[in-house]
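Residue-level listing of the chains:
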Amino acid sequence: QVQLVESGGDLVQAGGSLRLSCAVIGTIFRINNMAWYRQAPGKQRELVATITRGGSTTYADSALGRFTISRDNAKNTVYLQMNGLKPEDTGVYYCNAEKVWTTRGSSDYWGPGTQVTVSS
């Protein structure tokens, strides 16, 4: 059984920083791409950043220059360092692990989400 455990969400003032973590728990052989998404109140879930197993990254325009995604393959963990936070960054942040390989083959998984609230 695979579980994604997220942490790091909090209430922070505009201009502040947060670091989100997402650990993929289970008997795992390999994880391909990992990503962070967010969903603001009343809006659709949107992609924030992605990272390949080799460390190549992509970012949404809104995250460029402020957010940094990274991963530790040995720990099956992905991080999102968020600096210069703005009120519009408020939302539930979800971790996604694509093609998680176990003894049962591969599947994609989502974390339960962690709340980030940025006050003005």
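Structure's up top.
Q: What exactly am I supposed to notice about the packing of aromatic side chains here?
A: For any pair of aromatic rings, the description consists of the separation of the ring centres together with the inter-plane angle of the planes. Here the structure, examined in full by the defined rule, presents 1 aromatic pair. A cation over an aromatic ring shows up here: R45 above the ring of Y94, its NZ or CZ 3.7 Å from the ring centre. One Lys or Arg, R45, reaches over the ring of W110 and ends 4.7 Å from the middle of that ring.

Q: Would you mind showing me how to read the nonpolar core here?
A: Side chains of nonpolar character tend, in soluble globular proteins, to be buried together. The biggest cluster of nonpolar side chains holds 27 residues, and the ones touching the most others in it are V24, W36, L80, M82 and Y93. Sorting the residues of this core by element identifies β3 (18-25), β5 (34-39), β6 (46-51), β8 (67-72), β9 (77-82), β10 (91-102) and β12 (114-119) as the ones contributing at least two each. If sequence neighbours within four positions are ignored, M82 has contacts with G16, S17, L18, L20, R66, F67, Y93 and V116.

Q: For this particular structure, what's the right way to read the state of the cysteines?
A: Working definition: the covalent bond between the sulfur atoms of two cysteines is a disulfide. Applying the stated criterion to the full structure yields 1 disulfide. In this model, C22 is linked to C95 through a disulfide, with the two sulfur atoms separated by 2.2 Å. Taking the torsion about the S-S bond as the criterion, the C22 to C95 disulfide, at about -80°, is left-handed. Of this pair, C22 sits in strand β3 while C95 sits in strand β10; the two residues are 73 residues apart in sequence, bridging distant segments of the chain. With relative accessibility at 0%, the residue C22 sits in the buried group.

Q: Before we go on, may I ask you to explain unusual backbone geometry in this structure?
A: A negative phi angle characterises most non-glycine residues, just as the trans form characterises most peptide bonds. In this model, N76 sits at a positive phi of 50°, which is unusual for a non-glycine residue. The topology assignment puts N76 in the loop between β8 and β9. We classify N76 as buried; its relative accessible area is 17%.

Basis of the calculations
Residues numbered from 1 in each chain as written. Predicted model: local features only at pLDDT ≥ 70, side-chain atom pairs only at ≥ 80, totals over all residues. Heavy atoms only, no water. Phe/Tyr/Trp six-rings, centres within 6.5 Å; stacked < 30°, edge-to-face > 60°. Lys NZ or Arg CZ within 6 Å of the ring centre and 35° of its normal. Core = buried A, V, L, I, M, F, W, Y, C linked by side-chain atoms within 4.5 Å. Buried < 20%, exposed > 50% of the residue type's maximum accessible area, 1.4 Å probe, protein only. Helix = DSSP H or I, 4+ residues; strand = E, 2+ residues; numbered from the N terminus. Contact = heavy atoms within 4.5 Å. Disulfide = S-S within 2.5 Å.

Distances and angles like these do not, on their own, reveal function.
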